[in-house]
Amino acid sequence: MKHLLSTRDLSTEDIVSILAMADHMAEINARAVPKVPALRGRTVASVFFEDSTRTRLSFETAATRLSAEVLTFTASSSSVNKGESLRDTIETLSAMGVDAFVIRHKSSGAPQQITQWTDAAVINAGDGWHQHPTQGLLDAYTITRNFNELNSMKGRTVAIVGDIKHSRVARSDIDVFTRLGAKVVLVAPGAFLPSSLEGWGVTTADSLDDVIDVVDVVYMLRIQRERMDSAQMPSLREYSSLFALTPERAARMQNHALLLHPGPINRGVEMIVDPSLVPGSRILQQVTNGISIRMAVLFSLLGGDATTTLSNGVEA
Ligand code: CP
């Protein structure tokens, strides 16, 4: 695997293998000094043309913990503001000696395009509505590890709730979850569903009340206002009445059920309950797990032979 542009670049065996490697990375992250020399001498460029808190810092932390050098590029303070093109930006950074680009861009397909302009590995950190592959992996990691079912989500039902249509997270999650054997039910108003769900392998529900007490995972999504015009925005009061997680709905979740959200949360819109008061909430655990997953992805792309390099790194 040279790049990670989509969860579809991964076989199901690849997914299981990355989750297993993330267990190893989690063990490193639990140490007093969570750092190994596995990627010493490698350079990772974090190139974000869209805002991010979790993904960016998580990738940069992951690269640092594997001892890679990190180049941080922020579009808003770069020569993009003087008219420099995406291609010239990538070629300029490549000339500095980059081994992997971590790319976030508002245009679907931008990371794929970038692979044509560099010999470095390219990792998609979220492109438009298209894909957010490491989010799909960290979400599957969080669910499987909480249920102690390491290689499978068989028999589990996940409700993904909210703005599916504009969500790259939903697309990556649905692909990974269904391939690991989960049933996925999309809970959304019609305006927030794609025009066709043919081939998605999911079912739909019209309100959170229809599914809240039977699913194993409640996965809440933010309304992605930045990807829609104001005419597409539903009435927030109407939306919240059917699709928000309220304290009453949270109280109806099964005892073992998990609450997930990729962040950022819009409190008072999709999340009316305080998530810290929901016993099944694993929202902050998702953030923690994101570092282990991104270490596993960076190592898989840049690290060579896991049996020698990582064990040398761990023991050094
Ligand atoms: N989940 C996620 O992509 O969050 P950020 O936009 O903060 O990176």
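Report on the accompanying structure. Here the structure is a predicted model, which means the values were calculated and not measured.

Reading the values: rules and limits
Residues numbered from 1 in each chain as written. Predicted model: local features only at pLDDT ≥ 70, side-chain atom pairs only at ≥ 80, totals over all residues. Heavy atoms only, no water. Helix = DSSP H or I, 4+ residues; strand = E, 2+ residues; numbered from the N terminus. Rg over C-alpha atoms; globule rule 2.2 N^0.38 Å. Buried < 20%, exposed > 50% of the residue type's maximum accessible area, 1.4 Å probe, protein only. Lys, Arg positive; Asp, Glu negative; His and termini not counted. Charge placed at Lys NZ, Arg CZ, Asp CG, Glu CD. Core = buried A, V, L, I, M, F, W, Y, C linked by side-chain atoms within 4.5 Å. Contact = heavy atoms within 4.5 Å. 1 Å grid on protein atoms, 1.4 Å probe; cavity = no way out; pocket = protein on both sides within 12 Å on 5 of 7 lines; lining within 4 Å. Points joined across faces, edges and corners; volume = space filled by probe spheres on them. Nonpolar A, V, L, I, M, F, W, Y, C, P; charged D, E, K, R; others polar. Domains from an automatic or database assignment. Phe/Tyr/Trp six-rings, centres within 6.5 Å; stacked < 30°, edge-to-face > 60°. Lys NZ or Arg CZ within 6 Å of the ring centre and 35° of its normal. Pairing = 2+ DSSP bridges. Axes fitted to C-alpha atoms, helices over the stretch in contact; angles between N-to-C directions. Near = heavy atom within 4 Å. Polar contact = N/O pair within 3.5 Å; in protein donor to acceptor, adjacent residues only side chain to side chain. Areas by Shrake-Rupley, 256 points an atom, 1.4 Å probe, with all protein chains shown as cover. Parallel < 35°, antiparallel > 145°, perpendicular 65-115°, else oblique. Left-handed = near helix turned anticlockwise from the far one by under 90°.

Digging into the overall build of the chain
Next, step 1: For the chain, the helix and strand inventory stands at ten helices and nine strands.
Next, step 2: In terms of overall size, the chain behaves like a compact globule, its C-alpha atoms giving a radius of gyration of 19 Å where 316 residues would be expected to give roughly 20 Å.
Next, step 3: For the chain, with 316 residues in total, the buried portion stands at 54%.
Next, step 4: In the chain, the 30 positive side-chain charges and the 34 negative ones have mean positions that sit 3 Å from each other.

A few points about the nonpolar core
Next, step 1: With 86 residues, the main nonpolar core has Ile160 and Phe177 as its most contacted residues.
Next, step 2: For this core, the element with the highest residue contribution is helix α9 (residues 283-302), accounting for ten residues.
Next, step 3: Those residues in contact with Ile160, other than ones at most four positions away along the chain, are Ala170, Asp173, Ile174, Phe177, Val184, Val185, Leu186, Val187, Tyr219 and Leu221.
Next, step 4: Core analysis: the next-biggest nonpolar cluster, separate from the first, contains 14 residues, Leu5, Ile90, Val98 and Val122 among them.

Digging into the layout of surface pockets
Next, step 1: In this structure, the largest pocket encloses a volume near 370 Å³.
Next, step 2: Taken together, 20 residues form the lining of the largest pocket, with Arg104, Arg168, Arg222, Gly263 and Pro264 sitting closest to its centre.
Next, step 3: Tallied by class, residues from the lining of the largest pocket come to four nonpolar, eight polar and eight charged.
Next, step 4: When residues are assigned to domains, the lining of the largest pocket turns out to be shared by domain 1 (7-131 + 287-311) and domain 2 (133-283), each giving three or more.

Considering the packing of aromatic side chains
Next, step 1: Under the criterion given, the structure shown has three aromatic pairs.
Next, step 2: Summarising the aromatic geometry, the rings of Phe49 and Phe73 are spaced 5.3 Å apart at their centres and angled 50° between planes, so their arrangement reads as tilted. Note that Phe49 is positioned in the loop between β1 (43-48) and α2 (54-65) and Phe73 in strand β2 (residues 69-74), a separation of 24 residues in sequence.
Next, step 3: Ring pairing ties together the aromatic residues Phe192, Tyr239 and Phe243, which thus form one cluster.
Next, step 4: A cation over an aromatic ring shows up here: Arg156 above the ring of Phe147, its NZ or CZ 3.9 Å from the ring centre.

Here we look at the pairing of strand β3 (residues 100-105)
Next, step 1: Summarising burial for β3: six of the six residues are buried, a large majority.
Next, step 2: Going residue by residue along β3, you find Ala100, Val102 and Arg104 tucked away on one face and Phe101, Ile103 and His105 tucked away on the opposite face as well.
Next, step 3: The pairing of β1 with β3 spans five bridges and is parallel. For Val47, the partnering residue across the bridge sits in β3 and is Ile103.
Next, step 4: Summarising the sheet, β3 and strand β4 (residues 121-127) pair through five bridges and their orientation is parallel. The residue of β4 that forms the bridge with Val102 is Ile123.

A closer look at the sheet that holds β4
Two orientations exist for strands paired in a sheet by backbone hydrogen bonds: parallel and antiparallel.
Next, step 1: Spatial ordering of the open sheet is given by β2-β1-β3-β4, a layout of four strands whose pairing is parallel. Each edge of the open sheet is held by one strand with a lone partner, namely β2 and β4. Sheet twist, expressed as the mean angle between neighbouring strand axes with direction ignored, is 15°.
Next, step 2: The sheet contacts of α9 involve β1, β3 and β4, and relative to β4 the element is tilted by about 150°.

Observations concerning the site of the ligand
Next, step 1: Taken together, Ser52, Thr53, Arg54, Thr55, Arg104, His132, Gln135, Pro262 and Gly263 are the residues near the ligand.
Next, step 2: One nitrogen or oxygen atom from the main chain of Thr53 is found 2.8 Å from an oxygen atom belonging to the ligand.
Next, step 3: In the environment of the ligand, an oxygen atom lies 3.0 Å from a nitrogen or oxygen atom belonging to the backbone of Arg54.
Next, step 4: Considered on its own, the ligand offers 250 Å² of accessible surface; in the complex 92% of this is hidden by protein.

Concerning the packing of helix α5 (residues 133-147) against helix α6 (residues 168-179)
Next, step 1: For the pair α5 and α6, interaxial distance at closest approach is 8 Å and the crossing angle is 50°. Judged by the angle between their axes, α5 and α6 are oblique. Of the two possible hands of crossing, α5 and α6 adopt the one that is right-handed. Mapping the contact onto sequence places Pro133, Gln135, Gly136, Asp139, Ala140 and Ile143 in α5 and Val169, Ser172, Asp173, Val176 and Phe177 in α6.
Next, step 2: Looking at the contact of α5 with α6 residue by residue, the classes come out as six nonpolar, three polar and two charged.

The values are spatial; any link to function lies outside them.
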